[in-house]
Amino acid sequence: MKPLDVLRAAYGSAELFAPGAVACFLVGRIPDTHARTFIRVLGARHLLQAAATSTFGGGAALRRTSAGVDALHALTMLVLAAVDRRRRHPAVANAAIALAFAAGELRPVIRRGRP
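Residues numbered from 1 in each chain as written. Predicted model: local features only at pLDDT ≥ 70, side-chain atom pairs only at ≥ 80, totals over all residues. Heavy atoms only, no water.

Caption draft 1: Structural detail: the nonpolar core. Counting residues in hydrophobic clusters, the biggest one holds six residues: Ala74, Met77, Ala81, Ala91, Ala95 and Ala98. Listed by contribution, the elements that provide at least two residues to this core are helix H4 (60-83) and helix H5 (88-111). Not counting residues within four places of it along the chain, the set of residues in contact with Ala95 comprises Ala74, Met77 and Leu78. Core analysis: the second largest hydrophobic core is formed by five residues, Tyr11, Val22, Ile97 and Phe101 among them. (Core = buried A, V, L, I, M, F, W, Y, C linked by side-chain atoms within 4.5 Å. Buried < 20%, exposed > 50% of the residue type's maximum accessible area, 1.4 Å probe, protein only. Helix = DSSP H or I, 4+ residues; strand = E, 2+ residues; numbered from the N terminus. Contact = heavy atoms within 4.5 Å.)

Below, the structure is given as C-alpha cells:
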C-alpha cells in the first residue's frame, strides 16, 4: 500500500469506528446522531477507496478516478456549507480533507507527466 492509501484507510477507520471523536477533533463539538451516521458512511467510502486503489495497482486512471471522487465530495461539502449555516464548519473541514486526498491522488500522476 502507498502511504496515501494507508492514511486514507486510517482516517476512514477513525470515521467509521469513532465518528464522535473525529468530529470533535475537526470542529470542536459533538455531532448529533444523523451526523454520526453520515461520518460513518464517509469512513466506509474511504476504506473502500483505499482498498480499491491499493488492490488494483493504483494505476494512473484509477488514481484520477479516485481524485475525481474526492473532488466531487469536496464540492458537495462546499455547497452544503453555503446552504446550511449549522453544518458550515464540519462541511468546510470535510471539504479540505477531501481536497487534500484529491491532491495526493493526482500528485504521482502529474509527476509522471500524465495530467
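Caption draft 2: Spatial organisation of the packing of helix H1 (residues 3-17) against helix H3 (residues 33-55). The geometry of H1 relative to H3 is characterised by a closest axis approach of 7 Å and an angle of 155 degrees between their N-to-C directions. Relative to H3, the element H1 is oriented roughly antiparallel. Where H1 crosses over H3, the handedness of that crossing is left-handed. Counted together, Asp5, Arg8, Ala9, Tyr11, Gly12, Ser13, Glu15 and Leu16 of H1 and Ile39, Arg40, Leu42, Gly43, Ala44, Arg45, His46, Leu47, Gln49, Ala50, Thr53 and Ser54 of H3 form the full contact between these two elements. Looking at side-chain class alone, the contact of H1 with H3 contains eight nonpolar, seven polar and five charged residues. (Axes fitted to C-alpha atoms, helices over the stretch in contact; angles between N-to-C directions. Parallel < 35°, antiparallel > 145°, perpendicular 65-115°, else oblique. Left-handed = near helix turned anticlockwise from the far one by under 90°. Nonpolar A, V, L, I, M, F, W, Y, C, P; charged D, E, K, R; others polar.)

Caption draft 3: Region of interest: the confidence of the model for the chain. For the chain, the average pLDDT comes to 88, and 91% of its residues sit at 70 or higher. The element-level mean pLDDT for the chain is lowest in H5, coming to 85, with H1 highest at 93. (pLDDT = per-residue confidence, 0-100.)

Caption draft 4: Quick look at the packing of H1 against helix H2 (residues 19-27). Axis separation between H1 and H2 bottoms out at 5 Å; the angle between their running directions is 110 degrees. The pairing of H1 with H2 is recorded here as roughly perpendicular in orientation. When H1 is examined against H2, the residues Tyr11, Ala14, Glu15, Leu16 and Phe17 are found in contact with a partner set consisting of Pro19, Val22 and Leu26. Classifying every residue of the contact of H1 with H2 gives seven nonpolar, no polar and one charged.

Caption draft 5: Region of interest: the side chain of Arg63. Looking at the secondary structure, you find Arg63 in helix H4. Judged by its relative accessible area of 3%, Arg63 falls in the buried class. For Arg63, the side chain forms a polar contact with the side chain of Glu105, separated by 2.7 Å. (Polar contact = N/O pair within 3.5 Å; in protein donor to acceptor, adjacent residues only side chain to side chain.)

Caption draft 6: Focus on the environment of Arg64. Along the chain, Arg64 turns up in helix H4. For the pair Arg64 and Arg107, spaced 43 residues apart in sequence, the C-alpha to C-alpha distance is 9.8 Å.

Caption draft 7: Main features of the packing of aromatic side chains. Tallied over the full model, the rule gives one aromatic pair. Ring centres of Tyr11 and Phe101 lie 6.1 Å apart, and the angle between their planes is 50 degrees; on these two criteria the pair is classed as tilted. Separated by 90 residues along the polypeptide, Tyr11 in helix H1 and Phe101 in helix H5 bring together distant segments of the chain. Like Phe101, Tyr11 is buried. A cation sits over an aromatic face here: Arg8 above Phe101, 4.4 Å from the ring centre. (Phe/Tyr/Trp six-rings, centres within 6.5 Å; stacked < 30°, edge-to-face > 60°. Lys NZ or Arg CZ within 6 Å of the ring centre and 35° of its normal.)

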